[in-house]
Structures are given as structure tokens and as C-alpha cells.
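Architecture at a glance
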Amino acid sequence: MAAAIFSLGTCTVFAQATAAGATASQPGYDWQNEQWSVPVNSIVSKVFQAGGQTLSVGAGARYWADSADAGPHGWGLRFIVTLLFPK
């Protein structure tokens, strides 16, 4: 399958290490079947300390604005936990 992939988006960082972003991450085009796959994502994350460990915790939603017939459809959820080790 030949596909074109690109990425675009925005992110806003608020006070106290909170970030929110919206992006159409890596839409693709199937040249053989002439169909697009276009996910639209929105994510919110927060950096904080718990028990001396710095963490980034976030959640997001994904909606498939367009997709191939056999591809994903509808909504999806994402939960993110990242351990951070700043110097």
C-alpha cells in the first residue's frame, strides 16, 4: 500500500506545567484505493511530582474524521503516564 503521511498541529502550554494540544496527526492516503485516513487528536497533560518522582500524566481523545472502509472509525481514548528524570 502506498500512502502519503504528514503531521500538523498546535500545542499550548499553560501556567504550572499544564499543556493542551490539538492535532490531525499523520493523516494518510491510500493511492491504490483512493481513500484518506484522517485522525483528529486532542490531548491534555500535566507535569507534577508524587513521592519525589516527577511525572507527566495526560489523557486524550481521537476522532477519525475520515478513514478507509476497512479502517478505524469513531472515537478512541488515550491515557498517558510518563516518568521524568530531570537533571
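Overview of the structure. Remember, predicted model here, so these are calculated numbers, not experimental data. (Residues numbered from 1 in each chain as written. Predicted model: local features only at pLDDT ≥ 70, side-chain atom pairs only at ≥ 80, totals over all residues. Heavy atoms only, no water.)

1. Re the overall build of the protein
Defined as follows: Only DSSP runs of H or I with at least four residues qualify as helices, and only runs of E with at least two residues qualify as strands; both kinds are numbered from the N terminus onward. We call a residue buried when its accessible area falls under 20% of the maximum for its residue type, exposed when it is over 50%, and partly exposed in between, using a 1.4 Å probe and counting protein chains only. Residue-level accessible areas treat just the shown protein chains as cover; the underlying method is Shrake-Rupley with a 1.4 Å probe.
When helices and strands are tallied, the protein shows zero helices and seven strands. The helix and strand sequence of the protein, counted from the amino end, reads β-β-β-β-β-β-β. Across the 87 residues in the protein, those meeting the buried criterion constitute 22%. Carbon and sulfur atoms provide 61% of the accessible area of the protein, an area that totals close to 6,200 Å².

2. Considerations on the environment of Leu 55
For Leu 55, the position within the fold is in strand β6 (residues 53-66). By relative accessible area, which is 13% here, Leu 55 ends up buried. Residues Leu 55 and Val 81, 26 residues apart in the sequence, show an inter-C-alpha distance of 7.0 Å.

3. Details of the packing of aromatic side chains
Selection criterion: Centres within 6.5 Å make a pair out of two Phe, Tyr or Trp rings, where for Trp the six-membered ring is used; the pair is then stacked when the planes are under 30 degrees apart, edge-to-face when over 60, and tilted otherwise.
Taken as a whole, this structure holds three aromatic pairs when the rule is applied. Measuring from centroid to centroid gives 4.6 Å for Tyr 29 and Trp 31, while their planes differ by 75 degrees, and the two rings are edge-to-face. Judged by its relative accessible area of 15%, Tyr 29 is buried. Put simply, the rings of Tyr 29, Trp 31 and Trp 36 touch in pairs and so form one group of aromatic residues.

4. Quick notes on the pairing of β6
Selection rule: Strand pairing requires that DSSP identify at least two bridges connecting the strands.
Examined bridge by bridge, strand β5 (residues 35-50) and β6 share 13 bridges and lie antiparallel to one another. Residue pairing across strands places Lys 46 opposite Val 57, the latter belonging to β6. The antiparallel hairpin formed by β5 and β6 contains two residues in its connecting segment, where Gly 51 sits at a positive phi of about 60 degrees. One ladder, built from eleven bridges, connects β6 with strand β7 (residues 74-84); its direction is antiparallel. Across the sheet, residue Ala 59 finds its bridge partner in β7, namely Phe 79.

5. Quick look at unusual backbone geometry
Within the chain, Glu 34 stands out as a residue other than glycine whose phi angle is a positive 55 degrees. Residue position: Glu 34 is located in the loop between β4 (28-30) and β5.

6. A closer look at the environment of Phe 79
Short version of the rule: Throughout, a residue-residue contact means that at least one pair of heavy atoms, one from each residue, lies within 4.5 Å.
If you trace the backbone, Phe 79 turns up in strand β7. Considering only alpha carbons, one finds Phe 79 and Val 57, 22 residues apart in sequence, at a separation of 7.8 Å. Residues contacting Phe 79, with those up to four places away along its chain left out, are Gly 58 and Ala 59.

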